[in-house]
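Given next are the chains, with one letter for each unit.
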Amino acid sequence: MACFQRLEPMSKSLTNLWHPIASAEDLPYRHIFQGQLLGRELAVWRADDDFVNIWENRCLHRGVRLSIGRNEGLELKCQYHGWRYANRSAGCTYIPAHPADAPARTICNRTFPVCERYGLIWSGEDPTGDPPEISLLEKGRTLPLRSIAVNASLNLVLEHLANYRFSLNGDPGNLAVTTADYLDQCSLSVTATCDSKQSTVLFFVQPVDSNRSVIRGVLCSSPTDSERLLTLRHHSTELSHLREKVELDALKAPLIQPMTPTIEQVPITSYEIMMPSSGRKASLRVQVLRKWVTAEGIVGLELESIGKPLPTPQPGAHIDVHLPNGLVRQYSLTNAPGQGSLYRLGVKLESDSRGGSSCLHETVKEGDVLAISEPRNNFSLRRDAVKTLLVAGGIGVTPLLSMAHTLRNNKLDYELHYFAQTDGHLAFPEVLQEFGDAVVLHLGLSPEATSKELTALLLGYKSAMHVYVCGPGPMLEAARRIASEEGWPDTAVHFEYFRNTIEIDSSSSFEVSLARSALTLEIPSGKTILEILRANGITLMSSCEQGACGTCEVPVVEGDPEHQDVYLNDSEKAAGQRIMTCVSRAKSPRLVLDI
Amino acid sequence: MIKLFDYILSVNCYKQRLIMSILDVPFESIPVDFYPGLEHKGEEFKKINPLGHIPVIDDDGFMLRDAHAILVYLASKYDPTGLWYPVNSPELVGETTQWMLFAEGTTNTASAARLHVNLGYEFDIDSCREGAHRLFRVLDEHLWFREQENRDWVCSGEHPTIADIAIFPDVILSEEGGIARIDYPAIRRWTDRVKRLPGFLPMPGIFPTADARPLSHEV
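Only a predicted model underlies this, so the values are computations on that prediction, with no experimental measurement involved.

Cut-offs used in this document
- Residues numbered from 1 in each chain as written.
- Chains lettered and ligands numbered in written order.
- Predicted model: local features only at pLDDT ≥ 70, side-chain atom pairs only at ≥ 80, totals over all residues.
- Heavy atoms only, no water.
- Helix = DSSP H or I, 4+ residues; strand = E, 2+ residues; numbered from the N terminus.
- Rg over C-alpha atoms; globule rule 2.2 N^0.38 Å.
- Buried < 20%, exposed > 50% of the residue type's maximum accessible area, 1.4 Å probe, protein only.
- Contact = heavy atoms within 4.5 Å.
- Areas by Shrake-Rupley, 256 points an atom, 1.4 Å probe, with all protein chains shown as cover.
- Lys, Arg positive; Asp, Glu negative; His and termini not counted.
- Charge placed at Lys NZ, Arg CZ, Asp CG, Glu CD.
- Phe/Tyr/Trp six-rings, centres within 6.5 Å; stacked < 30°, edge-to-face > 60°.
- Core = buried A, V, L, I, M, F, W, Y, C linked by side-chain atoms within 4.5 Å.

Peer 1: How would you sum up the overall build of chain B? Please name residues and give values.
Peer 2: On a plain count of helices and strands, chain B comes out with seven helices and four strands. Secondary structure elements in chain B, listed N-terminal to C-terminal, are β-α-β-α-β-β-α-α-α-α-α. Its C-alpha atoms give chain B a radius of gyration of 17 Å, within 12% of the compact-globule value 17 Å for 219 residues. Structurally, chain B occupies a C-alpha span of about 55 × 40 × 35 Å along its principal axes. Split into buried and exposed, the 219 residues of chain B put 53% on the buried side. Considering only residue pairs separated by 6 or more positions, chain B has 63% of its internal contacts joining residues 24 or more positions apart. When the accessible area of chain B is evaluated, it comes to approximately 9,900 Å², of which 55% is carbon and sulfur surface. For chain B, the distance from the average site of its 21 positive side-chain charges to the average site of its 33 negative ones is 2 Å.

Peer 1: Tell me about the packing of aromatic side chains, and name the residues and values.
Peer 2: If you walk through the whole model with that rule in mind, you get 20 aromatic pairs over all chains. Consider the rings of Tyr164(A) and Phe203(A), whose centres lie 5.3 Å apart with planes at 90 degrees: the pair is edge-to-face. Pair noted here: Tyr164(A) is in the loop between helix H2 (154–161) and strand E13 (177–184) and Phe203(A) is in strand E15 (residues 197–209), with a separation of 39 residues, a long-range link. Between Phe34(B) and Tyr121(B), the aromatic rings sit 6.5 Å apart at their centres with planes inclined by 10 degrees, giving stacked as the arrangement. Linking Phe34(B) in the loop between strand E2 (27–31) and helix H2 (43–46) with Tyr121(B) in the loop between helix H4 (90–119) and helix H5 (125–148), this pair joins segments that are 87 residues apart in sequence. Cluster of aromatic residues (ring-pair linked, three or more members): Tyr7(B), Phe34(B), Tyr121(B) and Phe123(B).

Peer 1: Just give me the short version of the nonpolar core, but keep the residues and values in it.
Peer 2: Side chains of nonpolar character tend, in soluble globular proteins, to be buried together. Formed by 86 residues in total, the largest nonpolar core has its most connected members in Leu161(A), Phe203(A), Leu139(B) and Trp190(B). For this core, the element with the most residues is H4(B), which contributes nine residues. Setting aside residues up to four positions removed in sequence, Leu139(B) forms contacts with Trp99(B), Phe102(B), Val154(B), Ile167(B), Val171(B), Ile187(B) and Trp190(B). Core analysis: the next-biggest nonpolar cluster, separate from the first, contains 28 residues, Ile298(A), Leu381(A), Leu400(A) and Tyr414(A) among them.

This is the structure we're talking about:
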């Protein structure tokens, strides 16, 4: 028939075709649909932003089906040990057994392409070309029929469907004459003609496995409300009859072995060790989708990926932005896991800008392409606190916004305390509104008044409370001091500095032994450990290179580090087991590092 | 207080715990060593139930056995709304009874398969599984059309009934008996709705699901 556009050449392999794998109505609010295509089980879920996720139905941890998990709106939570995976990227965002650690970026479930069209959800193992466009379904209104699962092979089901008969008025005693046309190797149209009236159903047969299929029919017209249920019932009944016949035939046919889909080996590196590949890598290219003034002196930037999808933004993570003027700067992601496929940053124009913030404010415009690093998370959020306090000073609110989103989505108890000059200085006011009463504003306070407020809100520490602070140096110092005075242990106080204002003394010279590399190096005055390691071919990841972000951390086996960073807390510094190689040095003549 | 002669892994005992939790009826669970002790088959227990099975309730001296009979009793006595066992509507009470009898079928197929797999009961496992799939096909089609009529439950009213409570446990634990539900998407959605009922109670193998969409005034 001329009105059908052929979907694909007949010769295409089933793995290269788009198949319908669910009905749109199979994916109601916060549900996880269990699907299967070509032997592979799928967990299919619609997120709160309407994005449809099609994943391997298997938790990367213990292989349990994700379809028995929980659709939490922007994350899917495995029922077994509570691993969470983000909407869109399928990256792991939280491992309850390791609440203080950010899961490695490489823990990411396998996703499959998705297209929602004609009331059906389409996907495929490895589909080539665009999802099918069917002119007959484009034209008018359509009605998806109830899907029918059949224990028979694709070809057997198609054979029977070619002889499918139905009635135009829903009367089972009055089945019309039908004609069938194959569209491709998985679908056909069946048209019934009666008294010069016609009705056409398109059937897409989903190859679930060698001996199992699902018939997904779409009626190429939309009956009136009164006829709608009658039509749906009629087809459901007639297709059930057809199923009985197909299954009887299938029992006679020789049994074909079930398909064995290959489960990709996902590289799961330990959540504790993120093995650095090299220095400041900018492996991602993004385009500035939107740039706007979100508050006095603060611009918001939305960055969209060019090419492969962006890795999962974990709460508290930051990226390096490589600026057109050659500078590299770190900015926190403000959006939470599962919130869109872009990164949202907030950048304050610093009065003493050395070219970073001024470049983003003045030079970079919408449509520009920037190179960024993959996100790193050295300020990760626990989700096992009885209560979480988020304390923001000025632009320090940015990482705390992604945390607030996450805590809110997980229905955990939290407060976001936001210290700013005036309400005109509040970044992302539309986002703050979403948090409702959880936001407490502290506006226009002097340093003394700020300390007083901090004391008030840090009063009454209880076990398993956690506080996250990000803001200007003096405020952070005050918050850390007050928290300590109010009985907060170091392990419950998490902080992130914008920059390290400690004047770095690089006059010492000492020896560094690398325990795993069997190498001993001299660190002369004026050179950092990081520089000497790199000069000797030891690759080490780094980001801010001023002792604020924690990326270039290395474990210490022996020796007495001279800490000059603002990343480690006092007890971590006293323990002397970790060192920031970009700024810190040695008090002892020799340091042994675990690399 | 109501005493429930109870076993944690029994679907029929769970049906009683679930309805009492939903109706907010306090009860005392009297554990019966069903497995491996077979206490319900012993002489002592036969004084409580000569048929030698659980659940049995003792409501202040009134003894009642058989899971679906107990559901009728509890809903009739402790649901002041009269919606769970809708005796005021001949159609609804008829439907409720019809689906309670359907639940006898799911118990004798799906839950029997589970007893065979988990506790080694001697049943014809293939016939249990085939029977369960036959019933699930009927239930799935039925629930799919209920959704088309904007109804959430097995009976045609707007409110769930004890028929939902009677069928749900057999269905939700079917995978333990080797009966997959992948072919029954409407059943899978209905089990989510049951799990969202206020007062829902989990048991080993039955987990809570994500919350329902908040009502507009709660957003």
